[in-house]
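Secondary and tertiary structure notes
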Amino acid sequence: MKRRIEHSPVAFSIIFTFTLAVVLGIISALVSAVFPQGESDAVYLVMALVNLIIGAAAIFLFGVINGCNSLAHVFNTKGLVKGFNALYPVMGIFVLNLLLTASNVSYISTENIGRLPVVVLMQGASALMQTVLFRGLLITALFIKMSETKNARLRSIFIASALFLVMYIPMSILNTGGLELMNLMNTFIISAGMCAAYMYGKRLLPLIIVQGTWQVLGGVISVLSVSEEVGIDPAAGFIFLLFLAIVLVVAIIVGKRADAFEKI
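Quick look at the structure, then. This structure is a prediction, so every number in the text was calculated from the model and none was measured.

Rules of the game
- Residues numbered from 1 in each chain as written.
- Predicted model: local features only at pLDDT ≥ 70, side-chain atom pairs only at ≥ 80, totals over all residues.
- Heavy atoms only, no water.
- 1 Å grid on protein atoms, 1.4 Å probe; cavity = no way out; pocket = protein on both sides within 12 Å on 5 of 7 lines; lining within 4 Å.
- Points joined across faces, edges and corners; volume = space filled by probe spheres on them.
- Helix = DSSP H or I, 4+ residues; strand = E, 2+ residues; numbered from the N terminus.
- Nonpolar A, V, L, I, M, F, W, Y, C, P; charged D, E, K, R; others polar.
- Buried < 20%, exposed > 50% of the residue type's maximum accessible area, 1.4 Å probe, protein only.
- Axes fitted to C-alpha atoms, helices over the stretch in contact; angles between N-to-C directions.
- Left-handed = near helix turned anticlockwise from the far one by under 90°.
- Contact = heavy atoms within 4.5 Å.
- Expected span 1.5 Å × (residues − 1).
- Phe/Tyr/Trp six-rings, centres within 6.5 Å; stacked < 30°, edge-to-face > 60°.
- Lys NZ or Arg CZ within 6 Å of the ring centre and 35° of its normal.

As for empty space enclosed by the protein
Picture a little ball the size of a water molecule; that probe, rolled over the atoms, points out where space is still empty. According to the stated counting rule, one finds 1 cavity of 30 Å³ or more in the structure shown. Estimates place the volume of the largest cavity at around 50 Å³. If you trace the largest cavity, you find it lined by Ala 86, Pro 89, Val 90, Gly 193, Ala 196, Ala 197, Val 247, Val 250, Ala 251 and Val 254. Of all the secondary structure elements, the ones that give two or more residues to the lining of the largest cavity are helix H6 (88-103), helix H9 (181-201) and helix H11 (234-257). No other element matches H11, which puts 4 residues into the lining of the largest cavity. When its residues are assigned to classes, the lining of the largest cavity shows 9 nonpolar, 1 polar and no charged.

Considerations on the environment of Thr 213
Tracing the chain through its elements places Thr 213 in helix H10 (residues 205-224). Since its relative accessible area comes to 40%, Thr 213 is described here as partly exposed. Separated by 89 residues in sequence, Thr 213 and Gly 124 place their C-alpha atoms 7.9 Å apart.

Thoughts on the packing of helix H7 (residues 116-146) against H10
Interaxial distance between H7 and H10 falls to 8 Å at its minimum, and their mutual angle equals 145°. Relative to H10, H7 is oriented so that their crossing is right-handed. On H10, the residues that touch Leu 116, Val 119, Val 120, Gln 123, Gly 124, Ser 126, Ala 127, Leu 128, Gln 130, Thr 131, Val 132 and Arg 135 of H7 are Leu 207, Ile 208, Gln 211, Gly 212, Gln 215, Val 216, Gly 219, Val 220, Val 223 and Leu 224. Considered class by class, the residues forming the contact of H7 with H10 number 12 nonpolar, 9 polar and 1 charged.

A closer look at the side chain of Asn 186
Tracing the backbone through its elements, the reader meets Asn 186 in helix H9. Residue Asn 186 is classed as buried on the basis of its relative accessible area, which comes to 10%. For Asn 186, the contacting residues outside a window of four places in its chain are Ile 93, Asn 97, Phe 240 and Leu 244.

Quick notes on H9
Helix length check: H9 (21 residues) gives 30 Å between terminal C-alpha atoms against 30 Å at 1.5 Å per residue, within 8%. In terms of residue burial, H9 counts as a mostly covered element, since 16 of its 21 residues are buried. Of the residues flanking the end of H9, it is Lys 202, one or two places downstream, whose phi is positive at about 60°.

A look at the packing of aromatic side chains
What characterises a pair of aromatic rings is the spacing of the ring centres plus the angle enclosed by the ring planes. Applying the stated criterion across every chain, the model contains 3 aromatic pairs. Their ring planes at 0° and their centres at 4.2 Å tell us that Phe 94 and Trp 214 sit as a pair that is stacked. Note that Phe 94 is positioned in helix H6 and Trp 214 in helix H10, a separation of 120 residues in sequence. Ring centres of Phe 134 and Phe 164 lie 5.0 Å apart, and the angle between their planes is 75°; this geometry places the pair in the edge-to-face category. Residue Phe 134 is found in helix H7, and its partner Phe 164 is found in helix H8 (residues 152-176); the two are separated by 30 residues along the sequence. When its relative accessible area of 6% is taken as the criterion, Phe 164 is described as buried. Above the plane of the ring of Phe 164 lies Arg 135, whose end atom (NZ or CZ) is 4.6 Å from the centre.

Now the structure itself:
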């Protein structure tokens, strides 16, 4: 099995990714159906466990494909500055997202403070799973497969981001009942920025920290706040699109400048 994985890293990565994405969606639907609305903490705990299991499996497979100590690589603390530097445009989008979310908050409720540990665990586990699976395992496998072709780095970034978007679509429909073009653009471009930052810095820990911080803060805001549905101000929408354009341009530039993975 190990030899087959090493010889067909992309096939195994894509099959692994989508199999687990389907499993995650089915489990999410089943858990939501089994537990009443008032027992959302139980849902969060189950989803945190599922995300941790998928993340652990992705870390293991990452090591098999790359022939390395995957735990040491994923949680390597050396060279973090380079990784964080490539993430600044993405951080700008995350901050803007959080500001737009916070601007809709009517007031803060203290009734749900006791739920914060469960929310933090679930969001942290989700960030770990997404980062290792799509910004580590999948993009590395794609680059190994296409390393001899033209623009292999950029193609790897955008294919991995497109596959992440494919996984995001059914989850979005399941959670919100629909799709929005802005959210789809945001998802794809942010994923491209994260993938480019990994290819450039060769470190997953900065991505885990940034993604985790954003998701945890977003989860905390949603749990503690009472919000009103308001339209996005045209000026804020323009700024948001401008930030997305910057992230896309930076992802292309950083992706082209990235060294080959053999130099990790």
